Protein chains: 2
Amino acid sequence: MRFTSEQRLDDGVLERGFTLGEIPGILWTPASAPAPLILLGHPGGLPAMYPRLAARARHCVAEGFAAATIELPGAGERPRSAAAEQARADLRRALAAGEPVGDDIVEALVRPLVDAAVPEWRGALDALLALPGIGGPVGYSGGVIAVGLRLAVVEPRIRAAVLFAGSFVPRSMFDEARQVTIPLLVLLQWDDEGNDRQLALDLFDAFGSPEKTLHANMGGHTGVPGFEGDDANRFFARHLKPAAART
Amino acid sequence: MRFTSEQRLDDGVLERGFTLGEIPGILWTPASAPAPLILLGHPGGLPAMYPRLAARARHCVAEGFAAATIELPGAGERPRSAAAEQARADLRRALAAGEPVGDDIVEALVRPLVDAAVPEWRGALDALLALPGIGGPVGYSGGVIAVGLRLAVVEPRIRAAVLFAGSFVPRSMFDEARQVTIPLLVLLQWDDEGNDRQLALDLFDAFGSPEKTLHANMGGHTGVPGFEGDDANRFFARHLKPAAART
């Protein structure tokens, strides 16, 4: 892990860019240490996603967490995959035509992404948890929901997850969803134009976690209300912080 | 309105029993005044419901609200209705047999209850808002969801509602749901043994409110997690208190 930039934001948050091999990432840390770490999931494309990610990160840090994210395979400034580009074009075409999105399209788009991304997130976790001031336990917050789902199954350091049900999950991954046991808060935008509401409800039903909560709000994909950020912080505080340290 | 009892609870909450004509009720008030009022809905039977209602009321009062409830028609110590008893028996029989609950059963059970209860709640609101220390705006919190739904449509003093989707709503009331415009927080117990999950999701979809949020949690009818009480308080604080007064 190599730090490539460092700036102190106006609210005292320390923001550092880094690379892990060829993978770019960003780490936000509070003044107090050690802080439980929240991994911020996103649909890919760090440069374009930066304003929203930084806002989410600062919200986490205000609650006493560290936050970090890395670029997804084939996104942002990372090399493209022809197969992924084709699958993404197929998805866009189906959505634009108002057609149901076939599970074959979802499978071709999402499974290779999950298979490639999850080992990278686990590698980032190794590097991040080795830094001074970053502690466990770890939370995952955001999309891509299939990436968060797989991480929740295979990565024991992740103890709680806020999953944004704003992207498709192949039906073949529902068996993995049944293996998830950590506490979950699942966010669903009821009128998400690029998503399948019933699939999201079925996925919520499939998760094996004894403690899982669904928060559904009105509006489209990017319309998650601001108060859900507070709810996510309280959810992580319940599950990642010792009772005495809760605000 | 005639007060019939008064006690100061150990956390300083003033609890007063009252009657409005033949209808018994309870009012809980904080020391500070004037307080926005939360009406606490429930399935009927104040004596049996008292412990849970008092806990919910004290939670409201701790956030600076007043809370009040009245007995439903045909419940607790109020005179029974033969038609309602028959409809309730039909519902219980269908649930016990694992049969789908026909809309005719729901209609026969719920609509007469709503028609009788809603004018009583509005009368209670008149009496309660005339008391010193009780202010507007007003919230409704709880079930019976069909009663809360009708109140949200016809009672302009109610500005926000937390509706517990734990009981049936006749399909004929879905048109009323589309007329609801106040902010809603709808609670759904995902595995509620005496309820219809799909009907609850359809009802959430039908509500006309631009700001509506669904919180679904695991477990049965009485298993609503404690943190939902905090979420309800924050929801009411957002919508019933001036921004400067929020805690």
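So, how was this worked out
- Residues numbered from 1 in each chain as written.
- Chains lettered and ligands numbered in written order.
- Predicted model: local features only at pLDDT ≥ 70, side-chain atom pairs only at ≥ 80, totals over all residues.
- Helix = DSSP H or I, 4+ residues; strand = E, 2+ residues; numbered from the N terminus.
- Expected span 1.5 Å × (residues − 1).
- Buried ≥ 20, exposed ≤ 12 C-beta atoms within 10 Å, placed from the backbone.
- Contact = placed C-beta atoms within 7 Å.
- Axes fitted to C-alpha atoms, helices over the stretch in contact; angles between N-to-C directions.
- Parallel < 35°, antiparallel > 145°, perpendicular 65-115°, else oblique.
- Left-handed = near helix turned anticlockwise from the far one by under 90°.
- Nonpolar A, V, L, I, M, F, W, Y, C, P; charged D, E, K, R; others polar.
- Least-squares fit on C-alpha atoms with pLDDT ≥ 70 in both.
- Pairing = 2+ DSSP bridges.
- Right-handed = clockwise from strand over helix to strand, strands pointing away.

Novice: It is not clear to me how helix H7 (residues 227-240) of chain A should be interpreted in this structure. Could you clarify?
Specialist: Within an α-helix, residues lying three or four positions from one another point in the same direction, as the helix has 3.6 residues per turn. Residues and elements named next belong to chain A. For H7, with 14 residues, the first-to-last C-alpha span of 20 Å sits near the 20 Å given by 1.5 Å per residue. The complete set of buried residues in H7 reads Asp231, Ala232, Asn233, Phe235, Phe236 and Leu240. Buried positions along H7 lie against strand E4 (35-41), helix H1 (46-62), strand E6 (134-142), strand E7 (158-164), strand E8 (184-189) and strand E9 (212-217).

Novice: Is there a simple way to think about the packing of helix H3 (residues 103-129) of chain B against helix H4 (residues 145-154) of chain B in this case?
Specialist: Packed helix pairs are specified by the crossing angle of their axes together with the interaxial distance, meaning the distance between the axes. Residue and element names in this part refer to chain B. Where H3 contacts H4, the two axes come as close as 9 Å, and the packing angle between them is 50°. Regarding the angle of H3 to H4, the classification is oblique. Crossing handedness for the pair H3 and H4: right-handed. Between H3, through Val110, Val114, Ala117, Val118 and Trp121, and H4, the contact on the second element is made entirely by Ala146, Val147, Arg150, Leu151 and Val154. Its residues placed into classes, the contact of H3 with H4 shows nine nonpolar, no polar and one charged.

Novice: Where do I start with the relation of the copies chain B and chain A in this structure?
Specialist: Mapping between the two chain copies consists of a rotation about an axis together with a translation along that axis. Superposing chain B onto chain A takes a rotation of 180° combined with a translation of 0.0 Å along the rotation axis, leaving an RMSD of 0.0 Å. The operation mapping one copy onto its partner corresponds to a two-fold rotation axis. No C-alpha of chain B approaches the rotation axis more nearly than that of B:His215, which lies at 2.4 Å.

Novice: Where do I start with the pairing of strand E5 (residues 66-70) of chain A in this structure?
Specialist: All names here are of chain A. Along E5, five of the five residues are buried, which leaves the element largely enclosed by surrounding structure. Side-chain alternation along E5 places Ala66, Ala68 and Ile70 on one buried face and Ala67 and Thr69 on a second face that is also buried. Looking at chain direction, strand E3 (residues 23-29) and E5 are connected through four bridges and run antiparallel. Counted as the bridge partner of Leu27 is Ala68 from E5. Relative to E5, E4 is paired through three bridges, and the arrangement is parallel. Within E5, the residue paired with Ile38 across the bridge is Ala67. In this fold, E4 hands off to H1, which returns the chain to E5; that crossover is right-handed.

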